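Working through the structure, step by step
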Amino acid sequence: MADFLSQYSIQRWLEMCPQGYLEDTVYGHEEGLAEPDDIMGDEDLRVASIALTVQLIAGERCALAASSGLVNAAPDDASKTFLATQTLDEARHVEIFTKRLVDLGVRKEDVNSTVDELANPNLVKFAEVLLEKVADGDFIAGVVGQNIVLEGMAFSVFELLEATSKDLNPKFAQTLSGTIADERRHVGFGENRIGSLIREHPERREDIERMQSEMTYHMLATFADVFSASGDSMDRGRQLAADHGELDGADMKWHGTDLATASTEDMEAVLANTVLGEFKTRLGRIGLEYRSPKVPA
Amino acid sequence: MNETTLDTAESSIVTSSADAAPRRTFELDDTGFKEVPKRWRKFYRHWQGAGDELAPNEVICPVCKVVIRSHREFRPGDRVYCMPCMSRLVVVERPDGRLEADVLY
């Protein structure tokens, strides 16, 4: 396993990503696809889609700052190379979700003010905890926070959103699909690189587990805020989809939950349980113990 | 003595001489998995979640949840490579007889 770092090359990234699943895509989806009329023709749904997309942009901006900041902190050339490719992945994610914001009707000059206004405060705090480690040049904590906690959360959030969108909004679903493919590499790097480093630096566990607990607290608070605010728009979207026959035969199952009929509470529960379960498993594999947030969110 | 056979995406199947029976072989078709270069795509497929039963020549990557497929059935001790997340894995048998993959760090 000593040579596993050698696989992290720009050439490999080029073959898999730009020359692979992103070939012939425009902003992450087939050319010509548009946001569905159900969203663009209904002000409540359009506003709700903008609010959701802002959270994705806020998360991806954090990932971009973290991955680029970790390049200089990386202890070896292969990790620097991988993080350079991840930096471009994250920049692409910021771009494609920002493009979606514009497609949803936000003027380009209003993008930043919209993100500032609508980004969930708990998600902002989640990012601050991680970026503090990155600013300190703490490679191990930074990669755990970025590639295990943040990417682990994003992986499940994107999967859930893709499951709800693939029959109703192919443009958004395709955008998410390419993002999920990127996330696979990112979580893989997190586990594979940190798995060996934690064994070499067991004294770092306490500090890193505390960071994970803090990030988890803000993540769960973000989920609670977002889902509690989305009940009306979710019902409206389902009603429109049902009226247009778009739910007939739609496959919207995710981790045993039918997303076409689940309540917002059920959706929050399946997402939180999935993410926390993945945290526990991933952290356990690399020699860290999952630590519950100090106050249940 | 062990025999190593190059198989799936940069993976190898290590066949122990203690293997009791010959391994079954499987034809692999393209499942539409586009996350790796074309020549490797038949070795992977998306996992469909609970209820998606794995064939004897398939294991799930525990890191990225992609199903890894081989021309031959898997046995404990086989080493496989998950190209989508670049993890190196070893096939292990759980107490209930299920084959799963553990990550090699």
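Residues numbered from 1 in each chain as written. Chains lettered and ligands numbered in written order. Predicted model: local features only at pLDDT ≥ 70, side-chain atom pairs only at ≥ 80, totals over all residues. Heavy atoms only, no water.

**A closer look at the overall build of chain B**
In terms of regular secondary structure, chain B is built from zero helices and eight strands. If you list the helices and strands of chain B from N to C, you get β-β-β-β-β-β-β-β. Put simply, of all contacts in chain B between residues at least 6 apart along the chain, 43% involve residues at least 24 apart. Counting every atom, chain B has about 5,400 Å² of accessible surface; 50% of that belongs to carbon and sulfur. (Helix = DSSP H or I, 4+ residues; strand = E, 2+ residues; numbered from the N terminus. Contact = heavy atoms within 4.5 Å. Areas by Shrake-Rupley, 256 points an atom, 1.4 Å probe, with all protein chains shown as cover.)

**Observations regarding the pattern of salt bridges**
Counted under the stated rule, the structure contains 35 salt bridges over all chains. Salt-bridge contacts for Glu191 of chain A lead to Arg285 of chain A; the nearest nitrogen and oxygen are separated by 2.6 Å. One end of the pair, Glu191 of chain A, is in helix α8 (residues 170–200); the other, Arg285 of chain A, is in helix α11 (residues 264–285), with 94 residues separating them in the sequence. Between Arg94 of chain B and Asp102 of chain B there is a salt bridge, with its nearest N and O atoms 2.8 Å apart. Looking at Asp102 of chain B, the relative accessible area reads 28%, which means it is partly exposed. (Salt bridge = Lys/Arg side-chain N within 4 Å of Asp/Glu carboxyl O. Buried < 20%, exposed > 50% of the residue type's maximum accessible area, 1.4 Å probe, protein only.)

**Concerning the interface of chain A and chain B**
Taken together, the contacts link 25 residues of chain A with 23 residues of chain B. At the boundary of chain A with chain B, total buried surface from both sides reaches about 2,200 Å², with 55% on carbon and sulfur atoms. Between Glu35 of chain B and Arg184 of chain A there is a salt bridge, with its nearest N and O atoms 2.6 Å apart. Taken together, the connections running from chain A to chain B amount to nine residue pairs in polar contact (both at pLDDT 80 or more). For the side of chain A that touches chain B, the secondary structure elements donating two or more residues are α1 (10–21), α8 and α11 of chain A. For the side of chain A that touches chain B, the leading source of residues is α8 of chain A, giving 10 residues. Counted by class, the side of chain A that touches chain B contains 11 nonpolar, five polar and nine charged residues. (Buried area = accessible area lost by both parts, 1.4 Å probe. Polar contact = N/O pair within 3.5 Å; in protein donor to acceptor, adjacent residues only side chain to side chain. Nonpolar A, V, L, I, M, F, W, Y, C, P; charged D, E, K, R; others polar.)

**Re helix α5 (residues 111–118) of chain A**
Given 3.6 residues per turn, any residue in an α-helix points the same way as the ones three and four places further on. Residue and element names in this part refer to chain A. Restricting attention to buried positions, one finds in α5 the residues Val111, Thr114 and Val115. Around the axis of α5, the buried residues are gathered within 100° of arc, so they sit on the same side. Pointing more than 90 degrees away from the buried face of α5 are the exposed residues Asp116 and Glu117. Each element contacted by the buried residues of α5 is listed here: α3 (43–71) and α4 (77–103). (Arc of directions from axis to C-beta.)

**Some remarks on the pairing of strand β5 (residues 66–69) of chain B**
Residue and element names in this part refer to chain B. Here β5 shows two buried faces, one formed by Val66 and Ile68 and the other by Val67 and Arg69. Bridging between strand β3 (residues 44–46) and β5 involves three bridges; their strand directions are antiparallel. Bridge assignment links Tyr44 to a residue of β5, and that residue is Ile68. Sheet topology places strand β4 (residues 58–60) next to β5; three bridges connect them, and they run antiparallel. (Pairing = 2+ DSSP bridges.)

**Notes on the packing of aromatic side chains**
For any pair of aromatic rings, the description consists of the separation of the ring centres together with the inter-plane angle of the planes. Residues and elements named next belong to chain A. Considering all chains together, one arrives at six aromatic pairs over all chains under this definition. What links up through ring pairs into an aromatic cluster is the set Tyr8, Phe82 and Phe189. Its end group placed over the ring of Tyr27, Lys99 keeps NZ or CZ at 5.0 Å from the ring centre. A cation over an aromatic ring shows up here: Arg100 above the ring of Phe172, its NZ or CZ 3.7 Å from the ring centre. (Phe/Tyr/Trp six-rings, centres within 6.5 Å; stacked < 30°, edge-to-face > 60°. Lys NZ or Arg CZ within 6 Å of the ring centre and 35° of its normal.)

**Some thoughts on the sheet that holds β5 of chain B**
Residue and element names in this part refer to chain B. Strand order in this open sheet of three strands is β3-β5-β4, and the pairing throughout is antiparallel. On the outer flanks of this sheet lie β3 and β4, each paired with one strand and no other. Averaged over all adjacent pairs, the angle separating strand axes in this sheet is 30°, with direction ignored. (Axes fitted to C-alpha atoms, helices over the stretch in contact; angles between N-to-C directions.)

**Overview of unusual backbone geometry**
Its identity as a non-glycine residue notwithstanding, Asp24 of chain A has a phi of 65°, on the positive side. Position of Asp24 of chain A relative to the elements: it lies in the loop between α1 and β1 (25–26). Residue classification places Asp24 of chain A among the exposed positions, given a relative accessible area of 69%. A positive phi is found at Met86 of chain B, a non-glycine position, where the angle reads about 60°. Inspection of the secondary structure puts Met86 of chain B in the loop between β6 (79–82) and β7 (87–93).

**Structural notes on the confidence of the model for chain B**
Residues and elements named next belong to chain B. Chain-level pLDDT for chain B is 83 on average; 81% of the residues reach the 70-or-more range. Here strand β1 (residues 2–6) is the element of chain B with the lowest mean pLDDT, 43, and β5 is the one with the highest, 96. Residue range residues 1–7 is modelled with pLDDT below 50. Its contacts to residues more than four positions away, or to other chains, number 21 contacts. For this predicted complex, the interface score ipTM comes out at 0.87, alongside a pTM of 0.91. (pLDDT = per-residue confidence, 0-100.)

**Structural notes on the packing of α3 of chain A against helix α7 (residues 139–165) of chain A**
All names here are of chain A. As a packed pair, α3 and α7 sit with axes 10 Å apart at the nearest point and diverge in direction by 155°. Considered as vectors, α3 and α7 are oriented roughly antiparallel to each other. You can see that α3 and α7 cross each other, and the crossing is left-handed. Residue-level contacts link Leu52, Leu56, Gly59, Glu60, Cys62, Ala63, Ala66, Ser67 and Leu70 of α3 to Phe139, Gly142, Val143, Gln146, Leu150, Glu151, Val157, Phe158 and Leu161 of α7. Class assignment of the residues belonging to the contact of α3 with α7 gives a composition of 12 nonpolar, four polar and two charged. (Parallel < 35°, antiparallel > 145°, perpendicular 65-115°, else oblique. Left-handed = near helix turned anticlockwise from the far one by under 90°.)

**Section: the pairing of β7 of chain B**
Residue and element names in this part refer to chain B. The buried fraction of β7 amounts to five of the seven residues, a majority that puts the element mostly inside the structure. As judged from the four bridges shared by β6 and β7, these two strands associate in the antiparallel manner. In the strand pairing of β7, Val80 is matched with Leu89. Here β6 hands over to β7 after four residues, with Met86 in that stretch at a positive phi of 60°. Pairing of β7 with strand β8 (residues 99–103) involves five bridges; the strand directions are antiparallel. Its bridge partner lying in β8, Glu93 is registered against Leu99. Counted along the chain from β7 to the antiparallel partner β8, the turn is five residues long, and its residue Gly97 has a positive phi close to 95°.

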